[in-house]
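For reference, the chains in residue letters:
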Amino acid sequence: GAVVSQHPSRVICKSGTSVKIECRSLDFQATTMFWYRQFPKKSLMLMATSNEGSKATYEQGVEKDKFLINHASLTLSTLTVTSAHPEDSSFYICSVGFYSNQPQHFGDGTRLSIL
Amino acid sequence: DAKTTQPPSMDCAEGRAANLPCNHSTISGNEYVYWYRQIHSQGPQYIIHGLKNNETNEMASLIITEDRKSSTLILPHATLRDTAVYYCIVRAALTGANSKLTFGKGITLSVRP
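Residues numbered from 1 in each chain as written. Chains lettered and ligands numbered in written order. Predicted model: local features only at pLDDT ≥ 70, side-chain atom pairs only at ≥ 80, totals over all residues. Heavy atoms only, no water.

Participant: It is not clear to me how the overall build of chain A should be interpreted in this structure. Could you clarify?
Facilitator: Counting secondary structure elements, chain A contains zero helices and 11 strands. Compactness check: chain A gives a C-alpha radius of gyration of 13 Å against a globular reference of 13 Å for 115 residues, within 12% of the reference. Every one of the 115 residues in chain A was classed for burial, and the buried ones make up 50%. The contacts of chain A with a sequence gap of at least 6 include a subset with a gap of at least 24, amounting to 52%. Accessible area for chain A stands at about 5800 Å²; split by element, carbon and sulfur atoms hold 50% of it. Of the charged side chains in chain A, 11 are positive and 9 negative, and the gap between their average positions amounts to 6 Å. (Helix = DSSP H or I, 4+ residues; strand = E, 2+ residues; numbered from the N terminus. Rg over C-alpha atoms; globule rule 2.2 N^0.38 Å. Buried < 20%, exposed > 50% of the residue type's maximum accessible area, 1.4 Å probe, protein only. Contact = heavy atoms within 4.5 Å. Areas by Shrake-Rupley, 256 points an atom, 1.4 Å probe, with all protein chains shown as cover. Lys, Arg positive; Asp, Glu negative; His and termini not counted. Charge placed at Lys NZ, Arg CZ, Asp CG, Glu CD.)

Participant: Quick question: what am I supposed to make of the sheet that holds strand β1 (residues 4-7) of chain A here?
Facilitator: Through backbone hydrogen bonds, the strands of a sheet pair up, either in parallel or in antiparallel fashion. All names here are of chain A. Taken in spatial order, the four strands make up an open sheet running β1-β3-β8-β7, and their pairing is antiparallel. At either end of the open sheet lies a strand with only one pairing partner, and these are β1 and β7 (67-73). Taking each pair of neighbouring strands and ignoring which way they run, the sheet shows an average axis angle of 15 degrees. Here β1 pairs with strand β3 (residues 19-25) via four bridges, running antiparallel. The residue bridging His-7 from the neighbouring strand is Glu-22, located in β3. (Pairing = 2+ DSSP bridges. Axes fitted to C-alpha atoms, helices over the stretch in contact; angles between N-to-C directions.)

Participant: What am I meant to see in the sheet that holds strand β6 (residues 61-64) of chain B here?
Facilitator: Read from one edge to the other, the open sheet built from four strands follows the order β2-β7-β6-β5 (chain B), with strand pairing classed as antiparallel. Each having just a single partner strand, β2 (18-23) and β5 (55-56) of chain B make up the two edges of the open sheet.

Participant: What's the story with the state of the cysteines in this structure? I'm lost.
Facilitator: Such a bond, covalent and formed between the sulfur atoms of two cysteines, is termed a disulfide. Throughout the structure, instances matching the rule amount to two disulfides over all chains. Between the sulfur of A:Cys23 and that of A:Cys94 lies a disulfide, 2.0 Å long from S to S. Torsion about the S-S bond of the A:Cys23 and A:Cys94 cystine: about 80 degrees, corresponding to right-handed handedness. Here A:Cys23, found in strand β3, pairs with A:Cys94, found in strand β9 (residues 90-96); they are 71 residues apart in sequence, far enough to count as distant. For the pair A:Cys23 and A:Cys94, a shared accessibility class is recorded, and that class is buried. Shown here is the disulfide that connects B:Cys22 with B:Cys88, its sulfur atoms set 2.1 Å apart. One quick way to see it: the torsion about the S-S bond of B:Cys22 and B:Cys88 is about -85 degrees, and its sign makes the bridge left-handed. Linking B:Cys22 in strand β2 with B:Cys88 in strand β8 (residues 84-91), this pair joins segments that are 66 residues apart in sequence. Of all cysteine sulfurs in the structure, the one in A:Cys94 sits closest to A:Cys13, which takes part in no disulfide; the separation is 18 Å. Here B:Cys12 stays free of any disulfide, with the sulfur of B:Cys22 as its closest cysteine sulfur at 18 Å. (Disulfide = S-S within 2.5 Å.)

Participant: Would you explain the packing of aromatic side chains in this entry?
Facilitator: Geometry of an aromatic ring pair is reported as the spacing of the ring centres plus the angle between the planes. Counting across every chain of the model gives 11 aromatic pairs over all chains. Between the aromatic rings of A:Tyr36 and B:Phe103, the centroid separation amounts to 5.7 Å while the plane-to-plane angle is 90 degrees, which identifies the pairing as edge-to-face. One end of the pair, A:Tyr36, is in strand β4 (residues 32-38); the other, B:Phe103, is in the loop between β8 and β9 (107-112), on a second chain. Pair check on accessibility: A:Tyr36 and B:Phe103 agree, each one buried. Lying across the ring of B:Tyr34, B:Arg91 places its NZ or CZ 5.3 Å from the centre. (Phe/Tyr/Trp six-rings, centres within 6.5 Å; stacked < 30°, edge-to-face > 60°. Lys NZ or Arg CZ within 6 Å of the ring centre and 35° of its normal.)

What follows is the structure in structure tokens.
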């Protein structure tokens, strides 16, 4: 069964809108979650590491004020794309991380389209 | 993390074994080899991982060379649903939970009828 639930699966909205994407860890607690972005025909690019109870760690070149991450509980991390523009249109995917000898599990992704 | 090199694409016939190669010549002694796949418009799916020994599960087998500089993912009886991009990833063995996965371009496997 699913280990990670991501919602919504698809969202279409107007430019300037803020969009929130949820990532839930099912059946277990996750102190660390990861957020990726994937453009068409490209590989996944890590955006940030979400840490429960503390600030997220952003990868170089990712604007933290643009992509707000909240990890307020051990089962939920949210990514908010603030004032979204067409160039933010992409496939956003979260994963739940464990120790390096255990696999990360991914959500099904959110297709974001900004008109 | 050490980088990996994979051919861009390959194909195989349905029902035959698919052998997907991966080079990771700069891998460190405590780094794991992970394989994921991504079917179009879905999140990556974990397949298998290993450190030194060969591994097998219900999905695939992972063969790691003795020097650990390369590995092969084997899908024993490929089906059309195995058509996907397969990522070979070397992952640092950190003590904490925040061990990143760095995705390369992967290899596109096309299974033909």
